[in-house]
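Understanding the architecture of this molecule
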Amino acid sequence: MKLHLLLPVLLAAFTVPATLDAPAPAGDHDWAVDTGHSSVVFRVKHANVANFYGVFNEIRGTVSLDPQAPEKGAVSLVIPVASVATRDGKRDDHLKGPDFFNAKENPDITFTSTKIGKKGDALEVTGDLELAGEKKPVTMTVQKTGEGDFYGPRVGYEATFTIKRSEFGMDYGVARNALGDEVTVMVGLELVKPKK
Amino acid sequence: MLQGTLPPIAAALLLVSLGGARLLPLAAGLGLLVAYGLLKRWPDPPTELWFAPNGTEWLLWCLAAAAVLALLEHFRLWRGRLAAGSAVLLGGLGAWLVLAKVAARWPLAETLLHVGLGGLVTAGLALLLRASLHRARPGLLPAIAVTVLLSADAALLVGFGGSALLGQLCGALAAAVGAGLGTALWRRPFALGPGDGTWLGIAHGLFLLAGVHLASLPWLVAVFAAAAPALLLVLPGRTK
């Protein structure tokens, strides 16, 4: 199911530790999402002609992950819908409205992991993706992209997954093929140690 | 677009042809629910919405309830002050339900302001439409005016509110009234009564309220649009 493909991507994005407002987890395996160095990009086909790309400028959340025991880990990510950006203010407002994300009623996209496992060198993360008021299980493959020290220890993860937006009640333009049903989401997370 | 307009048009043509204008609220209510089902999905029942609110779906159920009240009034099972009072209650309740989810994040003062004001305006519009349709001379003119009113609401919801969904649903109601009006070509007479004022006034109020709080309809535009039914008072009155 494409939803399952998308979930790993989301999970990867969410795999980065805690964010701005989220309470910082404590422990050696706890991380917070570095919002300024993490990215959420989505791709959808327009008029069945070209791929269109948009971004969410903000992602926050926490990740707790022991590489030796990933099954004990947890990922919690929040993407404020208000941060959607497509280089056109009017289009952004439309995306935030009832035809798409219905942001006034559902201001955040959230992902909460329910299961984390190993899949070769990568992680397979399953969780609940809540989008536009609809919650669906999603599974995604999360790749570690690197780790290092830059003003403190950091680790990076990336995931790409595809969802069908109609499954989340966002079917504007699907019937006329004005805008594709399948949306590919690319999440790149940079995780830092949460502030004590 | 046809998915949104065909069900209410078909329902209005069928039911009004069979039972006259008194079945118009039933046709509009059924048509609207089916239109939403085709445009988006079948609305959750109120028992589920109570725990997981969705403003647009509450709007649909409030209009369905208003249609039932209007139907009862047309069949003289519900009338007088009871009918007017229930229109006021449903208008207030509708505003609260439509805003329930967004209001959950508002401070108390803001909730009281927006829900209170929205409820007062919606209830007031129901009474205004009831009074206007009671006063107006029976005929096609009030129905034409109401069709124009709802069509204008739909255009504002799409053009200023940026919501095709709300615009299509409001347009579906306009289409239902317009189709009912069309039955006058082969079935006379067609006239709206005070009972229709209940569901039409509540629809006008709740769609504008949803446009402001669920979409991006500017307040000023909504205020001017809300005041538009006052023009119905200039329609020719009944002769004594």
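No experiment lies behind these values; they were computed from the predicted model shown.

Calculation criteria
- Residue positions within a chain follow its written sequence, with the count starting from 1.
- Think of it this way: whatever chain is written first is A, whatever ligand is written first is 1, and the rest follow in order.
- In view of the model being predicted, local features appear only for residues whose pLDDT reaches at least 70, and side-chain atom pairs are presented and counted only at 80 or more, with totals across whole chains, interfaces and linings using the full set of residues.
- Side-chain metrics in this entry use all non-hydrogen atoms of the structure; hydrogen atoms and water are not considered.
- Only DSSP runs of H or I reaching four residues or more are called helices, and only runs of E reaching two or more are called strands; each is numbered from the N terminus.
- Using a 1.4 Å probe on the protein chains alone, a residue whose accessible area is under 20% of its type maximum counts as buried, one over 50% counts as exposed, and one in between counts as partly exposed.
- Only heavy atoms matter for contacts: two residues are in contact if any of them lie within 4.5 Å across the pair.
- All accessible-area figures derive from a Shrake-Rupley calculation using a 1.4 Å probe, and residue coverage is judged against the displayed protein chains alone.
- By the criterion applied in these results, polar contacts are pairs of N or O atoms within 3.5 Å in which, for protein atoms, one can donate a hydrogen and the other can accept it, and in which residues neighboring in sequence qualify only through two side-chain atoms.
- Buried area is calculated as the accessible area (1.4 Å probe) missing from two parts once they are joined, with the contributions of both summed.
- Take a side-chain nitrogen of Lys or Arg and a carboxyl oxygen of Asp or Glu: if they are within 4 Å of each other, that pair is a salt bridge.
- Polarity classes work like this: nonpolar for Ala, Val, Leu, Ile, Met, Phe, Trp, Tyr, Cys and Pro, charged for Asp, Glu, Lys and Arg, and polar for all others, with Gly in that last group.
- Lines fitted to C-alpha atoms define the axes here, with helix axes fitted over just the stretch in contact, and angles between the N-to-C directions of these axes take values from 0 to 180 degrees.
- Oblique is the label for any angle not under 35 degrees, not over 145, and not in the 65 to 115 range, which are roughly parallel, roughly antiparallel and roughly perpendicular in turn.
- Here a Phe, Tyr or Trp ring, Trp counted by its six-membered ring, pairs with any other such ring whose centre lies within 6.5 Å, and the pair is stacked when the planes are under 30 degrees apart, edge-to-face when over 60, and tilted otherwise.
- It is the rotation of the near helix from the far one that decides the hand of a crossing: anticlockwise by less than a right angle makes it left-handed, clockwise makes it right-handed.
- Residue-level confidence of the predictor is summarised by pLDDT, bounded by 0 at the bottom and 100 at the top.
- To form a nonpolar core, buried Ala, Val, Leu, Ile, Met, Phe, Trp, Tyr and Cys residues must be joined to one another through side-chain atoms within 4.5 Å.

1. Let's talk about the overall build of chain B
Of regular secondary structure, chain B possesses 10 helices and 0 strands. Listing the helices and strands of chain B from first to last along the sequence gives α-α-α-α-α-α-α-α-α-α. Viewed in the frame of its principal axes, chain B has a C-alpha envelope of about 50 × 35 × 35 Å. Counting every position in chain B, which comprises 240 residues, the buried fraction comes to 55%. Pairs at least 24 residues apart make up 77% of the contacts formed inside chain B by residues separated by at least 6 positions. Summed over its atoms, the accessible surface of chain B is roughly 10300 Å², and 74% of this surface lies on carbon and sulfur atoms.

2. Examining the side chain of Glu73 of chain B
Residue and element names in this part refer to chain B. Along the chain, the position of Glu73 falls in helix α4 (residues 55–74). Classification of Glu73 as buried rests on a relative accessible area of 14%. There is a polar contact of 2.8 Å between the side chain of Glu73 and the side chain of Arg130. Apart from the residues within four sequence positions on either side, Glu73 is in contact with Trp78, Arg79, Ala83, Arg130, Pro194, Gly195 and Thr198.

3. So, the interface of chain B and chain A
Facing the 19 residues of chain B at the interface are 14 residues of chain A. In total, chain B and chain A occlude about 1300 Å² of area from one another, counting both sides; carbon and sulfur atoms represent 39% of this. Three residues stand out in chain B for area buried against chain A, namely Lys40, Lys101 and Leu214 of chain B, and they jointly supply 33% of the buried area on that side. Inspection of the region where chain B meets chain A yields 1 salt bridge. Two residues, Glu134 of chain A and Arg41 of chain B, come together in a salt bridge whose shortest N-O distance is 2.3 Å. At the surface where chain B touches chain A, the tally comes to 10 residue pairs in polar contact (both at pLDDT 80 or more). For the side of chain B that touches chain A, the secondary-structure elements that each account for two or more residues are α5 (80–103), α8 (164–182) and α9 (194–213) of chain B. The class makeup of the residues in the side of chain B that touches chain A is 9 nonpolar, 6 polar and 4 charged.

4. Structural notes on the environment of Ala145 of chain B
All names here are of chain B. As for its placement among the helices and strands, Ala145 is situated in helix α7 (residues 140–159). For the pair Ala145 and Leu235, spaced 90 residues apart in sequence, the C-alpha to C-alpha distance is 9.1 Å. Ignoring sequence-local partners within four residues, the contact set of Ala145 consists of Leu232 and Leu235.

5. As for the packing of α4 of chain B against α8 of chain B
Residue and element names in this part refer to chain B. With their axes 12 Å apart at the nearest point, α4 and α8 run at an angle of 10 degrees to one another. As summarised for this structure, α4 and α8 are arranged roughly parallel, according to the angle between their axes. Only Leu165, Leu166, Leu169 and Leu173 of α8 make contact with α4, whose side of the interface consists of Thr56, Leu60 and Leu63. Residues that form the contact of α4 with α8 fall into these classes: 6 nonpolar, 1 polar and no charged.

6. A word on the packing of aromatic side chains
Throughout the structure, instances matching the rule amount to 5 aromatic pairs over all chains. One aromatic cluster is present, formed by Phe42, Phe56 and Phe101 of chain A through successive ring pairs.

7. Looking at the packing of helix α6 (residues 108–135) of chain B against α9 of chain B
Residue and element names in this part refer to chain B. Packing of α6 against α9 brings their axes to within 7 Å, and their N-to-C directions diverge by 150 degrees. In terms of orientation, α6 lies roughly antiparallel with respect to α9. In the packing of α6 onto α9, the handedness of the crossing is right-handed. Across the contact of α6 with α9, the residue classes tally to 9 nonpolar, 11 polar and 2 charged.

8. Describing the confidence of the model for chain B
When pLDDT drops low, the exact placement of atoms in the prediction is not to be read closely. Confidence along chain B averages 92 in pLDDT terms, with 98% of residues attaining 70 or more. Predicted complex metrics record ipTM = 0.82 and pTM = 0.85.

9. Here we look at the nonpolar core
Looking at soluble globular proteins, one finds that nonpolar side chains tend to be buried together. The biggest cluster of nonpolar side chains holds 77 residues, and the ones touching the most others in it are Leu173, Phe190, Trp199, Leu200 and Phe207 of chain B. The leading source of residues in this core is α8 of chain B, at 11 residues. In this view, Phe207 of chain B contacts Leu59, Leu63, Leu157, Leu166, Leu169, Cys170 and Leu173 of chain B; residues no more than four positions away in its chain are not counted. The next biggest cluster of nonpolar side chains, apart from the first, holds 43 residues, and it includes Val75, Leu77, Val81 and Met170 of chain A.

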